[in-house]
Amino acid sequence: MSDMNLIVLLSTMAAVVGIAIGVQLPALAMGRAIASALDALARQPEAEKAIMRSLFIGLAMIESLAIYVLVIVLIVLFRNPLLEYLIRP
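Before going into details, it helps to say that this report is about the structure given with it. Just so you know, the residues in each chain are numbered from 1, in the order the chain's sequence is written. Totals for whole chains, interfaces and linings use every residue, but because this is a predicted model, local features are given only for residues with pLDDT of at least 70 and side-chain atom pairs only at 80 or more, for both listing and counting. Values reported for side chains reflect all heavy atoms of the structure, with hydrogen atoms and water molecules removed beforehand.

## Digging into the overall build of the chain
Alright, step 1. Helix and strand counts for the chain come out as three helices and zero strands.
Alright, step 2. Helix and strand definitions follow DSSP, with helices as H or I runs of at least four residues and strands as E runs of at least two, each counted in order from the N terminus. Taken from the N to the C terminus, the helices and strands of the chain come in the order α-α-α.
Alright, step 3. Each of the 89 residues in the chain was classed as buried or not, and the buried ones make up 18%.
Alright, step 4. We call two residues in contact whenever any of their non-hydrogen atoms come within 4.5 Å of each other. Of the contacts formed within the chain by residues at least 6 apart in sequence, a portion of 76% connects residues at least 24 apart.
Alright, step 5. The accessible surface values rely on the Shrake-Rupley method and a 1.4 Å probe; as for residues, cover is taken only from the protein chains in view. Here the chain displays about 6900 Å² of accessible surface, and carbon together with sulfur accounts for 72% of that area.
Alright, step 6. Computed over 6 positive and 6 negative side-chain charges, the separation of the two mean positions in the chain equals 5 Å. A 1.4 Å probe rolled over the protein chains alone gives each residue an accessible area, and that area as a share of the maximum for its type sets the label: buried under 20%, exposed over 50%, partly exposed in between. In summary, the charge assignment counts Lys and Arg as positive and Asp and Glu as negative, without counting His or the chain termini. Think of each charge as sitting on NZ of Lys, CZ of Arg, CG of Asp or CD of Glu.

## Considerations on the pattern of salt bridges
For side chains bearing opposite charge, pairing can occur when the charged atoms are close.
Alright, step 1. By salt bridge we mean one thing: a side-chain nitrogen of Lys or Arg within 4 Å of a carboxyl oxygen of Asp or Glu. The full count for this structure, using the stated rule, is one salt bridge.
Alright, step 2. Across the salt bridge formed by R43 and D39, the nearest N and O atoms sit 3.3 Å from each other. Remark: D39 and R43 occur in helix α1 (residues 3-43); sequence separation between them is four residues, near one turn of the helix.

## Thoughts on a nonpolar patch on the surface
Alright, step 1. Patch members must show over 30% relative accessible area and no salt bridge, and they are joined within 9 Å when carrying like charges or within 5 Å when they are nonpolar side chains of Val, Leu, Ile, Met, Phe, Trp or Tyr. Side chains of M1, L6, L9, L10 and M13 sit close together on the surface and give an oily, nonpolar patch of about 530 Å² of accessible area.
Alright, step 2. On the basis of relative accessibility, which here comes to 76%, the residue M1 falls in the exposed class.

## Concerning α1
Alright, step 1. Between the first and last C-alpha of α1 there are 60 Å, a value that for 41 residues agrees with the 60 Å anticipated at 1.5 Å per step.
Alright, step 2. Along α1, the positions that sit buried rather than exposed are S11, A15, G22, P26, M30, A37 and L41. Multiplying 1.5 Å by the residue count of a helix minus one yields the expected span of that helix.

## Quick notes on the nonpolar core
Alright, step 1. To form a nonpolar core, buried Ala, Val, Leu, Ile, Met, Phe, Trp, Tyr and Cys residues must be joined to one another through side-chain atoms within 4.5 Å. By size, the foremost hydrophobic cluster in this structure holds seven residues: M30, A37, L41, I51, L55, L59 and I62.
Alright, step 2. For this core, the elements supplying multiple residues, two or more each, are α1 and α2 (48-78).
Alright, step 3. Among all residues touching I62, those that are not within four sequence positions of it are P26, A29, M30 and A33.

## Re the packing of α1 against α2
Alright, step 1. The N-to-C vectors of α1 and α2 enclose an angle of 180°; their axes lie 9 Å apart at closest approach. Our classification of the angle between α1 and α2 gives roughly antiparallel.
Alright, step 2. Its residues assigned to classes, the contact of α1 with α2 comprises 22 nonpolar, four polar and two charged. To get an axis, fit a line to the C-alpha atoms, keeping to the stretch in contact for a helix; angles then go from 0 to 180 degrees between the N-to-C directions. With respect to orientation, any angle under 35 degrees is reported as roughly parallel, any angle over 145 as roughly antiparallel, any angle of 65 to 115 as roughly perpendicular, and every other angle as oblique. Residues were grouped as follows: Ala, Val, Leu, Ile, Met, Phe, Trp, Tyr, Cys and Pro as nonpolar; Asp, Glu, Lys and Arg as charged; and all remaining residues, including Gly, as polar.

The following block contains the structure:
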């Protein structure tokens with residue numbers, strides 16, 4: 001197996017693991033945030049607007065983490081800097 005094939009294989013495996021973890025953790029965080037918001041709404045229904053506003057801002061921040069992971073994985077898969085290093089000695 002050549003060096004290039006090995007780097008492509010390892011990069012692909014790292015991308016798969018990275019996207020798996022990068023999607024699961026934000027999903028768990030979103031579920032926990034929503035559960036906490038529903039608990040807070042059940043305790044204080046009069047604070048609905050403030051709770052919902054904070055919830056949506058938090059969910060947007062959590063979702064941005066998953067998008068950042070996707071961008072990094074796509075860079076590793078399609079514009080791998082390690083392959084450029086092998087091509088230009």
